[in-house]
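Examination of the molecular architecture
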Amino acid sequence: MHTAARPDDVLLDIQALDVAYGKAQVVHGLSLQVRKGEFVVILGRNGAGKSSLLHAVSGLIPKQAGQVHFKGQDISNATPRHIVRQGLVQVLEGHRVFHHLSVQDNLLIGTYANAPAGDRSKLDAIYAMFPELADRKQQMASRLSGGQQQILAVAQGVIAEPALLILDEPSSGLAPLVIDRILDVASQLCTQGMSILLVEQLVDKALRHAHYAYLMETGRIAGAGFADDLRDSDLLQRVYLGGHGPAKTEAA
Ligand SMILES: Nc1ncnc2c1ncn2[C@@H]1O[C@H](COP(=O)(O)OP(=O)(O)OP(=O)(O)O)[C@@H](O)[C@H]1O
Ligand SMILES: [Mg+2]
């Protein structure tokens with residue numbers, strides 16, 4: 001899906017971000033932007049620092065240096081709660097849901113940022129998008145399969161109707177057809193005005209859905225470009241093949 005130019009309106013602006021765990025710096029002076037209505041993917045090998053970057057943006061771990069602006073506001077030192085309320089919602093890697101709550105209650109928690117008492121009016125649309133959840137509304141999340149929990153985690157982000165939805169490897173543990181459905185949902189939300197920032201190991205699928213891609217290598221941006229232009233690029237080959245075995249690509 002190639003667009004001639006990126007949209008003008010910058011929604012998320014990360015500038016010169018450093019992230020470290022103790023003395024181990026894992027993100028180095030990283031800058032990246034997501035614009036309004038854009039579907040951006042970050043690609044990179046295991047350990048490149050993708051999740052650390054996202055956690056720092058969402059306020060879940062500290063930033064050592066750099067700035068993050070969202071909707072023009074400086075959120076560099078904001079709390080996770082404030083950031084969510086501004087409309088930046090991250091679906092964490094590894095299907096994190098509330099195990100002791102039902103599917104429906106997990107979804108209602110997703111609406112709390114906009115409606116502290118929970119907004120039931122959004123449920124039907126979500127159940128239409130994710131029928132496997134509609135069949136299990138009252139089931140405890142702990143009794144869902146790993147894949148179903150992953151779908152629930154994504155649905156909990158979608159129901160929040162954020163301005164920016166960040167998805168950290170939503171494909172993990174899911175069957176190929178379900179992955180396609182989740183990426184299709186993300187594309188569809190994007191056409192309705194939501195921006196998407198996706199981290200994904202499935203390079204081909206990600207580049208088929210995204211408008212723009214950043215390639216991350218050892219905590220830095222190794223390159224960026226329109227998804228269509230990157231697909232067969234030498235850069236993509238280098239980031240993934242750089243002497244450590246094949247990229248995790250998949251059949252079409
Ligand atoms: N809580 C932590 N404490 C210390 N080091 C960490 C912590 N979390 C991650 N790291 C280290 O930071 C580096 C980047 O990890 P990160 O999880 O951000 O990578 P990633 O790109 O998301 O990888 P993956 O694709 O496997 O999810 C790795 O070297 C990792 O070992
Ligand atoms: Mg990760």
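Residues numbered from 1 in each chain as written. Chains lettered and ligands numbered in written order. Predicted model: local features only at pLDDT ≥ 70, side-chain atom pairs only at ≥ 80, totals over all residues. Heavy atoms only, no water.

Concerning the packing of aromatic side chains
Counting across every chain of the model gives two aromatic pairs. Measuring from centroid to centroid gives 5.4 Å for Tyr-212 and Tyr-214, while their planes differ by 70°, and the two rings are edge-to-face. What makes Tyr-214 buried here is its relative accessible area of 7%. Ring geometry for Tyr-212 and Phe-226: centres 5.4 Å apart, planes at 90°, overall edge-to-face. Of the two residues, Tyr-212 sits in strand β9 (residues 212–217) while Phe-226 sits in strand β10 (residues 220–226), which places them 14 residues apart along the sequence. The buried category is assigned to Tyr-212, whose relative accessible area is 12%. Here the aromatic residues Tyr-212, Tyr-214 and Phe-226 are joined through ring pairs into a cluster of three or more. Taking NZ or CZ as reference, Arg-6 lies 3.7 Å from the ring centre of Tyr-212, over its face. (Phe/Tyr/Trp six-rings, centres within 6.5 Å; stacked < 30°, edge-to-face > 60°. Buried < 20%, exposed > 50% of the residue type's maximum accessible area, 1.4 Å probe, protein only. Helix = DSSP H or I, 4+ residues; strand = E, 2+ residues; numbered from the N terminus. Lys NZ or Arg CZ within 6 Å of the ring centre and 35° of its normal.)

Topic: the coordination of the magnesium ion (ligand 2)
The magnesium ion (ligand 2) binds to the protein through Ser-51 (OG) and Glu-93 (OE), with metal-donor distances spanning 2.0 to 2.5 Å. Of this pair, Ser-51 sits in helix α1 (residues 50–57) while Glu-93 sits in the loop between β6 (88–91) and α3 (103–110), and the two are 42 residues apart along the sequence. With relative accessibility at 17%, the residue Ser-51 sits in the buried group. Overall, the relative accessible area of 31% leaves Glu-93 in the partly exposed class. (Donors = N, O, S within 2.8 Å, 3.2 Å for Na, K, Ca; no water.)

Section: unusual backbone geometry
Trans peptide bonds make up most of the peptide bonds, and negative phi angles are found at most residues other than glycine. In this structure, Ala-16 is a non-glycine residue whose phi angle is positive, near 50°. Looking at the element boundaries, Ala-16 is found in strand β1 (residues 10–21). The backbone phi angle of Thr-218 is positive, close to 40°, even though this residue is not glycine. Position of Thr-218 relative to the elements: it lies in the loop between β9 and β10.

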